[in-house]
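Descriptive analysis of the structure
One-letter residues, chain by chain:
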Amino acid sequence: MVLQTPPLQTVESMIPIAEQDLSRKDYASDIDTRWCPGCGDYSILAQMQRGLADLNVAPEKMVFVSGIGCSSRFPYYMNTYGMHSIHGRAPTIASGLKLAREDLMVFVITGDGDALSIGGNHLLHVLRRNVDVKIFLFNNRIYGLTKGQYSPTSELGKVTKSSPVGTTERPLNPLAVALASEATFVARSYDTDPQHLQATIHRAAKHHGAAFVEILQNCNIFNDRAFADYTDRDVRDERLLYLEHGEPMLFGESKNKGLAVSATGLRVVEADGPDAGLILTHDATRPSPDVHQLLARCSYPEMPVPMGVIRQVTAPTYGDYLDGQIEVQKFRNRADVAGLLRGRSTWQVE
Amino acid sequence: MTTTSTQADGSANSAAGIQERDRVTVRFAGDSGDGMQLAGNRFADATAVFGNDFSTLPDFPAEIRAPAGSLAGVSSFQISFSKHLIYTPGDEPDTLVAMNPAALSSHLSALAQGGLLVVNEDAFTSGNLKKANYPSNPLSDGSLDGYRIIKAPITTAAIAAVDDLGLTTQNAERTKNFFALGLVYWLYDRNLEPTLDWIEERFGRLPNIAEANRRALYAGHAYGETTELADAHVRVPPAVLKPGEYRTITGNQALVLGLITAAHLADLELFYGSYPITPASDVLVELAALREYGVRTFQAEDEISAIGTAIGAAYGGGLGVTGTSGPGIALKSEALNLAVMTELPLIVLDVQRSGPSTGMPTKTEQTDLLQVMFGRNGESPLCVLAAKSPGDCFYMVLEAVRLAHKFATPVVLLSDTYLANTAEPWPVPDLDQLDLIEVPYRRTELTDVEEFQPYARDPETLARMFIPPGQAGLQHRIGGLEKADITGDVAYTPENHQRMTDLRGEKIQRIANFIPELEVDGPESGELLVLSWGSTYGAVFTAVNEARDAGYELAHAHLQYLNPFPRNLGDVVSRYRKVLIPEANTGQLRMLVRAQFLVDAQGYNEVTGQPLSARLLTERIVQYANE
Ligand SMILES: Cc1ncc(C[n+]2csc(CCOP(=O)(O)OP(=O)(O)O)c2C)c(N)n1
Ligand code: SF4
Ligand SMILES: [Mg+2]
């Protein structure tokens, strides 16, 4: 079975562009970063600043809204507007901000605990509503800020400070959650591949609608090398699947392997073997999230770990619908308000 | 049918057989499916057009459809109307319309002795009697002897009136509320015209149903006229209201109009984030229907999200509002604290209901005062206002919006179930008489962007310099971590935290310089002051005046500003030997007043889910005055 690839038909999000040419340092605030040396957050910060510089986004039109966690300190380091809010609630504040201020570009920075534990409800709903905000979930599979308790993405049986003999909970898969929440843009990248991360940031920024990006992030203090098995430089080619819309799903050092549909899901086939013809072509715009879910669920060691944009479909945003319902000629007319105050019927007392 | 008069009511019968009264209170009670709220609202409309002052009290079960005929399913609507100005929907009704045994059983105890009882005798079947736990039929066992009673075959008469319209039995039977209404219109000399107009407007597209309702209404009216109900025919002359244009309004409607008007006066975009909860849902529902006024409503996934979106909108420079009831406030408290820390202009409407926990969702109480004052971690002062009447909800919203922006602070406005649902005549405000609302960030002119400091303060109000995103060169970050004075950077030093704690507290206190002083009705000083707040205004005002009529000299003052208090409150409470604070809670304002002013204030407290009883409060005032 080979899936047909329809033409990519995304409507780009309005990106507010700066008047002058800006460089990375124009997006850096003068506040000293406070993450542990070696933390993956540093690289994400650098790629975000570079990524925004590439797009030449007007910093005054950008707002970073975060929750609480190590990751959520991010807005302080960006020379944009920002709110370091409360644990798990950033999607709500970002939604209200974006709906009140269509002209702003609103990014949410969150962690695995922030987005999937305390804020799980909000994540589902901001994605389902397709509010035009971009969500970057820094997944280190641990609670960093509170010093090393397990998180909703920690693997079953993981020994942490709050699970001294191993957790008894199965983890959530962030991409699967996002897809199940009807997200229109779902992608994954990781801290130690600057080019890929920048490219993913670009694509999320340009997506018209809610974008969800999981960024695998190393917490070298409480969960070191959580993703090293497949993201280390010497193994990535073999163990990661870099997805590109319209390209065959090939991986391996010499692109010698690919993914094909099997009776039970996806399977790995040799690119020059008898089943080569069955290798899937990635279609991020496919309306049905079926294959996207199968991709989201590929995990090491059985399968290569997908990176890149898994899904990107066009759909009206919440704001599009809302604006459609609000007449362009908004009320600014005293007579209208006066009429409203009078209601359906009045009577006169002489 | 029978009319028995077992007690002389003392009022003079005029030649036309119509008696004149100053004030009458009628309660309609029936099954939730009987259309009592509709009947009550139509009666209120007709009363408004007639020109009485009036006040209504709907009371309905939390269950949408409890089993028909059951006690749990009884719904009622009380209306008091008068030739004088009135301030409560009346304590006890003079007339009770009971559409079935359950309604009679639930409401009879409220009816004044000798009061008029209108019952639908058709509904007194053995099945219905059993559901209402009546061992025998009260219509025939003599237990109603203390009342004047009109037993009318409301169901059969209504069905007969619409007989030839070819309606289903169910639809024919449904017109019985209009029959009952027609009968009550005759009893109280109401004009049918407004209701006929309403039927046309509402059911015009269903001509058969419209006709059926009209006929039932006429039939009920004719029933009163042709049957010998002369001794029950009463007229309450129109009240002398201040001249002007009036409409009816409930508290929730007034909140809606207040928000839209405030957005207009402030030239801000209104954003209302909310999660449905009784009795606040109507605010969301009614605002959602007003998109053409530029209103953005957002039905959030929970109350936390609702306030989060409102904070986002406020941060963006809009009019950010969230509305809920007590349980929702509990969920919002962490985010409310974020608004305290970030010093953003946020409006929170709390339409209080009976608690704790889910409590009695459709019943009223004033039990959130301490929650909104103190229900947050840390020292977290914010501004608290409370409306005193349905119409006052409108003006207090304008106040809330004015203060939130002037002081860059969240403001909580307290209403409650009673205000939310009670309707009263309301003079339509003249927009030109309302002050524009100033939005400080708009007039901030920074000659040099280097000068901008997000936590620099206005020397007079101590409001911080709030600037929404979008202005080049002013990029800065805010958040829930403690802020350094002036710069707004994250700061942990002991001196700074003390200073910021003091500044946040002092800022709220300074609001007192920009709100009216507390006015006292009655002697400037003396023996007894009755101090009230919120929706009890009407009951307290009425009770105070009754005590005065009984010869007691006392003062009354009513608080609309709960935090901060008006600046003269300490002085006012010190000028009387006794202070009585009536509240529909166990003494929340009393606790605040005692703590702040060291006065030995006493309470009158009812926590019944019903509005304070003016009659019981009068007794308490008199008793306390005599102590
Ligand atoms: C209401 C509330 N509960 C708990 C906390 C404590 N807390 C702060 S961050 C955090 C977990 C953060 O984990 P994650 O979202 O994965 O972020 P990370 O630090 O790993 O980047 C917790 C439990 C809090 N700040 N607020
Ligand atoms: S604790 Fe972990 S996630 Fe937090 S700053 Fe340190 S390394 Fe980074
Ligand atoms: Mg984490």
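Rules of the game
- Residues numbered from 1 in each chain as written.
- Chains lettered and ligands numbered in written order.
- Predicted model: local features only at pLDDT ≥ 70, side-chain atom pairs only at ≥ 80, totals over all residues.
- Heavy atoms only, no water.
- Helix = DSSP H or I, 4+ residues; strand = E, 2+ residues; numbered from the N terminus.
- Rg over C-alpha atoms; globule rule 2.2 N^0.38 Å.
- Buried < 20%, exposed > 50% of the residue type's maximum accessible area, 1.4 Å probe, protein only.
- Contact = heavy atoms within 4.5 Å.
- Areas by Shrake-Rupley, 256 points an atom, 1.4 Å probe, with all protein chains shown as cover.
- Lys, Arg positive; Asp, Glu negative; His and termini not counted.
- Charge placed at Lys NZ, Arg CZ, Asp CG, Glu CD.
- Core = buried A, V, L, I, M, F, W, Y, C linked by side-chain atoms within 4.5 Å.
- Phe/Tyr/Trp six-rings, centres within 6.5 Å; stacked < 30°, edge-to-face > 60°.
- Lys NZ or Arg CZ within 6 Å of the ring centre and 35° of its normal.
- Buried area = accessible area lost by both parts, 1.4 Å probe.
- Salt bridge = Lys/Arg side-chain N within 4 Å of Asp/Glu carboxyl O.
- Polar contact = N/O pair within 3.5 Å; in protein donor to acceptor, adjacent residues only side chain to side chain.
- Nonpolar A, V, L, I, M, F, W, Y, C, P; charged D, E, K, R; others polar.
- Pairing = 2+ DSSP bridges.
- Axes fitted to C-alpha atoms, helices over the stretch in contact; angles between N-to-C directions.
- Near = heavy atom within 4 Å.
- Domains from an automatic or database assignment.
- Expected span 1.5 Å × (residues − 1).
- Parallel < 35°, antiparallel > 145°, perpendicular 65-115°, else oblique.
- Left-handed = near helix turned anticlockwise from the far one by under 90°.

Focus: the overall build of chain B
- In terms of helices and strands, chain B carries 21 helices and 24 strands.
- Its C-alpha atoms give chain B a radius of gyration of 27 Å, within 12% of the compact-globule value 25 Å for 627 residues.
- Based on the C-alpha atoms only, the size of chain B along its principal axes is roughly 85 × 60 × 45 Å.
- Each of the 627 residues in chain B was classed as buried or not, and the buried ones make up 62%.
- Partitioning the intrachain contacts of chain B with sequence separation of at least 6 by distance along the chain shows that 76% fall at a separation of at least 24.
- Element-wise, carbon and sulfur atoms account for 50% of the exposed surface of chain B, whose accessible area totals about 23,000 Å².
- Here chain B contributes 48 positive and 77 negative side-chain charges, whose respective centroids are spaced 2 Å apart.

Some words on the nonpolar core
Residue and element names in this part refer to chain B.
- Counting 163 residues, the largest nonpolar core has Leu531 and Leu589 as its most contacted members.
- For Leu531, the residues in contact, after removing those within four places along its chain, are Leu518, Ala557, Leu559, Leu569, Val573, Val579, Leu580, Ile581, Pro582, Leu589 and Val593.
- Phe43, Ala157, Phe203 and Ala210 belong to the second largest nonpolar core, which has 50 residues in total.

Focus: the packing of aromatic side chains
- For the structure shown, the criterion picks out 27 aromatic pairs over all chains.
- With a centroid separation of 5.2 Å and an interplanar angle of 40°, the aromatic rings of A:Phe107 and A:Phe136 are classed as tilted. One end of the pair, A:Phe107, is in strand β3 (residues 105–111); the other, A:Phe136, is in strand β4 (residues 133–139), with 29 residues separating them in the sequence.
- Accessibility expressed as a relative area gives 0% for A:Phe136, which makes it buried.
- Clustering of aromatic rings is evident, with ring pairs tying together A:Trp35, A:Tyr42, A:Phe64, A:Phe74, A:Tyr77, A:Phe107, A:Phe136 and A:Phe138.
- The ring of B:Tyr455 carries B:Arg464 above its face, with NZ or CZ at 4.7 Å from the centroid.

Thoughts on the interface of chain A and chain B
- The partner chain B presents 68 residues to the 58 residues of chain A that form the contact.
- Roughly 5,600 Å² is buried in total at the junction of chain A and chain B, and carbon and sulfur atoms are behind 59% of that figure.
- The shortest N-O distance in the salt bridge between A:Asp323 and B:Arg296 comes to 3.0 Å.
- For the pair chain A and chain B, the interface holds 25 residue pairs in polar contact (both at pLDDT 80 or more).
- Those elements that provide at least two residues to the side of chain A that touches chain B are β2 (81–84), α2 (90–100), α4 (120–129), α10 (318–325), α11 (334–342) and β12 (347–349) of chain A.
- Of the residues contributing to the side of chain A that touches chain B, the split by class is 24 nonpolar, 19 polar and 15 charged.
- In this sheet, strand β18 (residues 477–479) of chain B lies alongside β2(A) in parallel orientation, the contact comprising three bridges. Within the sheet, the bridge partner assigned to A:Met83 lies in β18(B) and is B:Ile478.

Some words on the sheet that holds strand β16 (residues 410–416) of chain B
Residues and elements named next belong to chain B.
- On the basis of which strands lie adjacent, the open sheet formed by seven strands has the order β12-β11-β13-β14-β16-β15-β22 and mixed pairing. What marks the edges here is a single partner per strand, and that holds for β12 (296–299) and β22 (561–563). Pairs of neighbouring strands in the sheet enclose a mean axial angle of 20°, with direction left out of account.
- Bridge count between strand β13 (residues 319–324) and strand β14 (residues 346–352): five bridges; the pairing is parallel. Paired with Gly323 across the two strands is Leu349, which belongs to β14.

Section: the site of ligand 2
- Around ligand 2, the neighbouring residues are A:Trp35, A:Cys36, A:Cys39, A:Cys70, A:Asn140, A:Gln217, A:Cys219, A:Asn220, A:Ile221 and A:Phe222.
- Classifying every residue of the shell around ligand 2 by side-chain character gives seven nonpolar, three polar and no charged.

Section: the domain arrangement of chain B
- Segmentation of chain B into domains returns domain 1 (19–235), domain 2 (247–433), domain 3 (440–514) and domain 4 (520–626).
- Between the C-alpha centres of domain 1 of chain B and domain 3 of chain B the distance comes to 59 Å.

What to know about unusual backbone geometry
- With an omega of 0°, the peptide bond running from B:Thr278 to B:Pro279 counts as cis.
- Relative to the elements of secondary structure, B:Pro279 occurs in the loop between β11 (270–274) and α10 (281–288).
- A cis amide bond links B:Gly355 with the next residue in sequence, B:Pro356, at an omega value of 0°.
- Looking at where B:Pro356 falls in the secondary structure, it is placed in the loop between β14 and α13 (369–374).
- Its identity as a non-glycine residue notwithstanding, A:Asn130 has a phi of 60°, on the positive side.
- With respect to the helices and strands, the residue A:Asn130 is situated in the loop between α4 and β4.

Considerations on helix α18 (residues 537–549) of chain B
- Helix length check: α18(B) (13 residues) gives 18 Å between terminal C-alpha atoms against 18 Å at 1.5 Å per residue, within 8%.
- The secondary structure elements touched by the buried residues of α18(B) are β19 (520–521), β20 (526–533), β21 (555–559), β23 (576–583) and α21 (614–626) of chain B.

Here we look at the sheet that holds β23(B)
Residues and elements named next belong to chain B.
- Read from one edge to the other, the open sheet built from five strands follows the order β19-β21-β20-β23-β24, with strand pairing classed as mixed. Among the strands making up the open sheet, the edge pair consists of β19 and β24 (602–605).
- With two bridges connecting them, β19 and β21 associate as antiparallel partners. Counterpart to Val520 in the pairing with β21 is Ala557.
- Helix α20 (residues 588–597) contacts β20, β21, β23 and β24 of the sheet and is inclined by roughly 150° relative to β23.

Some remarks on the pattern of salt bridges
- Enumeration according to the criterion identifies 43 salt bridges over all chains in this entry.
- Residue A:Arg129 is joined to B:Glu301 by a salt bridge in which the shortest nitrogen-to-oxygen separation is 2.8 Å. Taken together, the positions of A:Arg129 in helix α4 and B:Glu301 in the loop between β12 and α11 (303–315) put the pair across two chains.
- Between B:Glu527 and B:Arg577 there is a salt bridge; the shortest N-O distance is 2.8 Å. Of this pair, B:Glu527 sits in strand β20 while B:Arg577 sits in strand β23, and the two are 50 residues apart along the sequence.
- Overall, B:Glu527 belongs to the partly exposed group, its relative accessible area being 34%.

Some words on the site of ligand 1
- Inspection of the region around ligand 1 gives 17 residues, with A:Cys70, A:Ser71, A:Asp112, A:Asp114 and A:Gly144 positioned closest.
- Two or more chains meet at ligand 1, and those chains are chains A and B.
- The separation between an oxygen atom of ligand 1 and a polar main-chain atom of A:Cys70 is 2.8 Å.
- One of the backbone N or O atoms of A:Gly113 is found 3.0 Å from an oxygen atom in ligand 1.
- Summarising the interface, the protein chains cover 77% of the accessible area of ligand 1, which totals 580 Å² for the free molecule.
- Tallying contributions element by element places helix α3 (residues 112–118) of chain A first for the shell around ligand 1, with four residues.
- Partitioned by chemical class, the residues of the shell around ligand 1 number six nonpolar, eight polar and three charged.

Here we look at the environment of B:His233
Residues and elements named next belong to chain B.
- Structurally, His233 is set in the loop between α8 (207–226) and β9 (234–235).
- Using a relative accessible area of 12% as the deciding quantity, one classes His233 as buried.
- Ignoring any residue separated from it by four or fewer positions in sequence, one finds His233 in contact with Gly17, Ile18, Gln19, Trp186, Leu187 and Asp189.
- In this structure the side chain of His233 is engaged in a polar contact, spanning 3.0 Å, whose partner is the backbone oxygen of Trp186.

A few points about the packing of helix α9 (residues 251–266) of chain B against α10(B)
Residues and elements named next belong to chain B.
- Across the interface, α9 lies against α10 with an axial gap of 9 Å and an inter-helix angle of 50°. Overall, the two elements α9 and α10 adopt an arrangement that is oblique. Remark: the crossing between α9 and α10 carries right-handed chirality. Where α9 approaches α10, its residues Asn252, Gln253, Leu255, Val256, Leu259 and Ile260 are matched on the opposing element by Asp282, Val283, Glu286 and Leu287.
- Classifying every residue of the contact of α9 with α10 gives six nonpolar, two polar and two charged.

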